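Survey of secondary and tertiary structure
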Amino acid sequence: MSPPVAPPAWSRWLVPPAALSVHLSIGQAYAWSVFKPPLESSLNLSGTQSALPFQLAIVMLGLSAAFGGTLVERNGPRWAMTVALVCFSSGFLISALGAETKQFWLIVLGYGFVGGIGLGIGYISPVSTLIKWFPDRPGMATGIAIMGFGGGALIASPWSAQMLKSFGSDNTGIAQSFLVLGLSYAVFMTLGVLLVRVPRTEGPKGEDKAKAKAKDAANAPSVLSGVQVSANSAVRTPQFWCLWVVLCMNVTAGIGILEKAAPMITDFFADTSTPVTVSAAAGFVALLSAANMAGRIGWSSTSDLIGRKNIYRVYLGVGAVMYALIALFGDSSKPLFILCALVILSFYGGGFATVPAYLKDLFGTYQVGAIHGRLLTAWSLAGVLGPLIVNWIADHQKDAGKHGASLYNTSFVIMIGLLVIGFVANELVRPVNARHHIPAPREAADVERQQSESA
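An account of the accompanying structure is given in this report. The model shown is predicted, which means the values in this text are computed figures rather than measured ones.

When you go through the protein residue by residue, the secondary structure sums to 20 helices and 0 strands. Residues classed as buried in the protein amount to 58% of the 455 residues present. Put simply, 85% of the contacts in the protein that link residues at least 6 apart link residues at least 24 apart. Entry remark: accessible area of the protein is about 17,000 Å², with carbon and sulfur atoms responsible for 67%.

Further remarks concern the packing of aromatic side chains. All told, the structure shown has 30 aromatic pairs when counted by the stated rule. Ring geometry for Phe284 versus Phe337: centroids 5.9 Å apart, planes at 35 degrees, classification tilted. Separated by 53 residues along the polypeptide, Phe284 in helix α14 (residues 278-306) and Phe337 in helix α16 (residues 334-363) bring together distant segments of the chain. Given the relative accessible area of 1%, Phe337 is considered buried. Ring geometry for Tyr323 versus Phe412: centroids 5.3 Å apart, planes at 55 degrees, classification tilted.

Right, let's talk about unusual backbone geometry for a bit. The phi torsion at Asn44 lies on the positive side, around 55 degrees, for a residue other than glycine. A residue is classified by how much of its surface remains accessible, and Asn44, at 69% relative accessible area, is exposed.

Look at helix α4 (residues 52-75): 32 Å from first C-alpha to last across 24 residues, which is about the 34 Å you get at 1.5 Å a residue. Helix geometry: α4 is bent most strongly at Gly68, by close to 50 degrees. Following α4 by one or two positions, Gly76 has its phi on the positive side, about 95 degrees.

With that settled, consider the side chain of Ser64. Relative to the assigned elements, Ser64 resides in helix α4. You can call Ser64 buried: its relative accessible area is 9%. Engagement of the side chain of Ser64 in a polar contact is seen with the backbone oxygen of Met60, the distance being 2.6 Å. Here Ser64 is in contact with Gly69, Gly116, Ile117, Gly120 and Ile121, once residues within four sequence places are set aside.

Over its 19 residues, helix α19 (residues 409-427) runs 28 Å from end to end, which matches the ideal 27 Å to within 8%, given 1.5 Å per residue. Of the residues making up α19, those classed as buried are Ser411, Phe412, Met415, Leu418, Leu419, Gly422, Ala425 and Asn426. Buried residues in α19, looked at end-on, bunch into an arc of 125 degrees, giving them a common side. In this structure, the buried residues of α19 make contact with α12 (238-258), α13 (261-268), α15 (308-329), α16 and α18 (377-399).

For the structure shown, the criterion picks out 4 salt bridges. Across the salt bridge formed by Glu40 and Lys36, the nearest N and O atoms sit 3.9 Å from each other. Taken together, the residues span about one helical turn, with Glu40 and Lys36 both in helix α2 (residues 36-43) at a distance of 4 residues. Accessibility expressed as a relative area gives 23% for Glu40, which makes it partly exposed.

It is worth spelling out the side chain of Ser157 at this point. With respect to the helices and strands, Ser157 occurs in helix α8 (residues 138-167). Discounting residues that sit within four places of it in the chain, Ser157 has contacts with Ala31, Val34, Ala282, Val285 and Ala286.

Here the focus is the packing of α18 against α19. Running from N to C, α18 and α19 cross one another at 155 degrees; their axes reach a closest spacing of 9 Å. Judged on the interaxial angle alone, α19 and α18 are roughly antiparallel. The handedness of the crossing between α18 and α19 is right-handed. Every residue of α19 that contacts α18 at Gly386, Ile389, Val390, Ile393 and Gln397 is listed here: Thr410, Ser411, Ile414, Met415 and Leu418.

Below, the discussion takes up a nonpolar patch on the surface. A contiguous nonpolar surface patch, about 250 Å² in accessible area, is contributed by Leu93, Leu179 and Leu183. Assignment of secondary structure puts Leu183 in helix α9 (residues 171-195).

Another point: the packing of α8 against α14. For the pair α8 and α14, interaxial distance at closest approach is 8 Å and the crossing angle is 175 degrees. It follows that α8 is roughly antiparallel to α14 by the angle criterion. For the contact of α8 with α14, the class distribution of residues is 16 nonpolar, 10 polar and 2 charged.

For Phe284, a relative accessible area of 3% puts it in the buried group. Measuring from C-alpha to C-alpha, the distance between Phe284 and Ala262 comes to 7.0 Å, with 22 residues separating the pair along the chain. In contact with Phe284, not counting residues within four places along its chain, are Ala261, Ile265, Phe337, Ile338 and Ala341.

Okay, the nonpolar core next. With 124 residues, the main nonpolar core has Tyr123, Phe178, Phe268, Tyr348, Phe352, Phe363 and Trp379 as its most contacted residues. Here this core takes 14 residues from α16, the largest share from any one element. Of all hydrophobic cores here, the second largest spans 13 residues; its members include Ala6, Met140, Ala145 and Met147.

Rules behind the numbers
Counting restarts for each chain: residues are numbered from 1 in the order of the written sequence. Per-residue local features of the predicted model are confined to residues with pLDDT of at least 70, and side-chain atom pairs are confined, for both listing and counting, to 80 or more; whole-chain, interface and lining totals are unaffected and use all residues. As a convention, hydrogens and water are excluded, and side-chain values are obtained from all of the structure's heavy atoms. The helix count covers DSSP runs of H or I at least four residues long, the strand count covers runs of E at least two residues long, and both are numbered beginning at the N terminus. Relative accessibility under 20% of the residue-type maximum defines a buried residue, over 50% an exposed one, and the middle range a partly exposed one, all with a 1.4 Å probe and only protein chains included. The criterion used for residue contact is that any of the two residues' heavy atoms lie within 4.5 Å. The method behind every accessible area is Shrake-Rupley, applied with a 1.4 Å probe, and residues are considered shielded solely by the protein chains displayed. Two aromatic rings, drawn from Phe, Tyr or Trp (for Trp, its six-membered ring), form a pair once their centres lie within 6.5 Å of each other, and the interplanar angle then sorts them: stacked below 30 degrees, edge-to-face above 60, tilted otherwise. One fewer than the residue count of a helix, multiplied by 1.5 Å, yields its expected span. The seven residues ending at a residue and the seven starting there each receive a fitted axis; the angle between those axes is the bend at that residue. The term polar contact refers here to a pair of N or O atoms within 3.5 Å; inside protein, the definition further demands a hydrogen-donor-capable atom paired with an acceptor-capable atom, and it admits residues adjacent in sequence only when both atoms are side-chain atoms. To be clear, the arc concerns the directions from the helix axis to the C-beta atoms. By salt bridge we mean one thing: a side-chain nitrogen of Lys or Arg within 4 Å of a carboxyl oxygen of Asp or Glu. Lines are fitted to the C-alpha atoms to define the axes, a helix being fitted only along its stretch in contact, and any angle between axes, read from their N-to-C directions, falls within 0 to 180 degrees. The cut-offs work like this: below 35 degrees is roughly parallel, past 145 is roughly antiparallel, 65 to 115 is roughly perpendicular, and the gaps in between are oblique. The sense of a crossing depends on the near helix, which, turned anticlockwise from the far helix by less than a right angle, makes the crossing left-handed and, turned clockwise, makes it right-handed. In this analysis, a patch consists of residues with relative accessible area above 30% that form no salt bridge, clustered at 9 Å for like charges and at 5 Å for the nonpolar side chains Val, Leu, Ile, Met, Phe, Trp and Tyr. Each residue gets one of three labels, nonpolar for Ala, Val, Leu, Ile, Met, Phe, Trp, Tyr, Cys and Pro, charged for Asp, Glu, Lys and Arg, and polar for the others, Gly among them. For the purposes of this section, nonpolar cores are sets of buried Ala, Val, Leu, Ile, Met, Phe, Trp, Tyr and Cys residues that join through side-chain atoms within 4.5 Å.

Here's what the structure looks like:
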């Protein structure tokens, strides 16, 4: 499938909505905690077991993004969005079959493996295109699209809770909910497939090249300027691995709360005079999704003003303070617990939205999509590490007879340590050594060759 090239009059502001239609859909992953209690009840699973589909989905997200990044760069965003649509929707259909037949391994396979591939390809599908359309405001552009991934649960959480209430929270009700989600997201993601375009790089035949270049410059700023580093060279630099650690630590800290959000807030205040109901817990998940979404556009846009390193200092440093406040005082004040969790999730989302712009600053736009895909392997590890830390410790604390906030305090101390590690890694980031740069003429020729091959 050839990348669809925008006509001369095409507005670059039509590209973010195309990206949003995909990211809002695959962002359902952040509403997984709504399905954890009914799955545990109907299939007799532990908290650690019910996290497996989500964990595998995040692992596959990172791996498919890493291995598919070059294909996305070569085949374009429409191809990537189509692959994401097929895999993500199919994952729900397979999971529906697994729930109906009480075969948990099918849910892990469908939601985790197949759906996870859709997550990864869908996540990176618009990133490179957006940066090429908006090289003047990369943080804002990627934030607009990637906020959809964070905001997906804002829709999916109450929607899923209502379906479970209407269909029932047994295995049949879960299966029907999965079926509706799969079919609905297939329709919505189709809008992105039909709408997305890549920027023009040369004028129509017969038109004066100087005029064509001027017209293209007005449509989208030049992407062939500044430092340019290939994906293969980028992974050999210390800057890439410092950012890998930064992303991994920030994601682990945020995803630990997000994956277990609904049962966590219920446990935290179960022994108080104001316990949290199931519907209120689903509302908390939706609030976290809103913070995640707002952080992606708000903090990433702020990074255009204060710089990427400075904004990550905020994510990691202030994030550690928020975790400390929850560990020390969270169970004594519901507003404090909610506020700190919202701040942490805004930093979590902001970290995702800012990292493509951070990569663009360090490595240029040449193969930023492929570099971003390789960096998302950090998300794969964090997707296992965060939920594993929180669920494994909570399960063992519960077996030891503990309850309430004591189920999570040890996990929160670990998260503080991880954020400090990320903070140090961010301080070590420096400009990329010139020996890794690609000369501009070679880059331009390579880009023209890739486009001619795909035409």
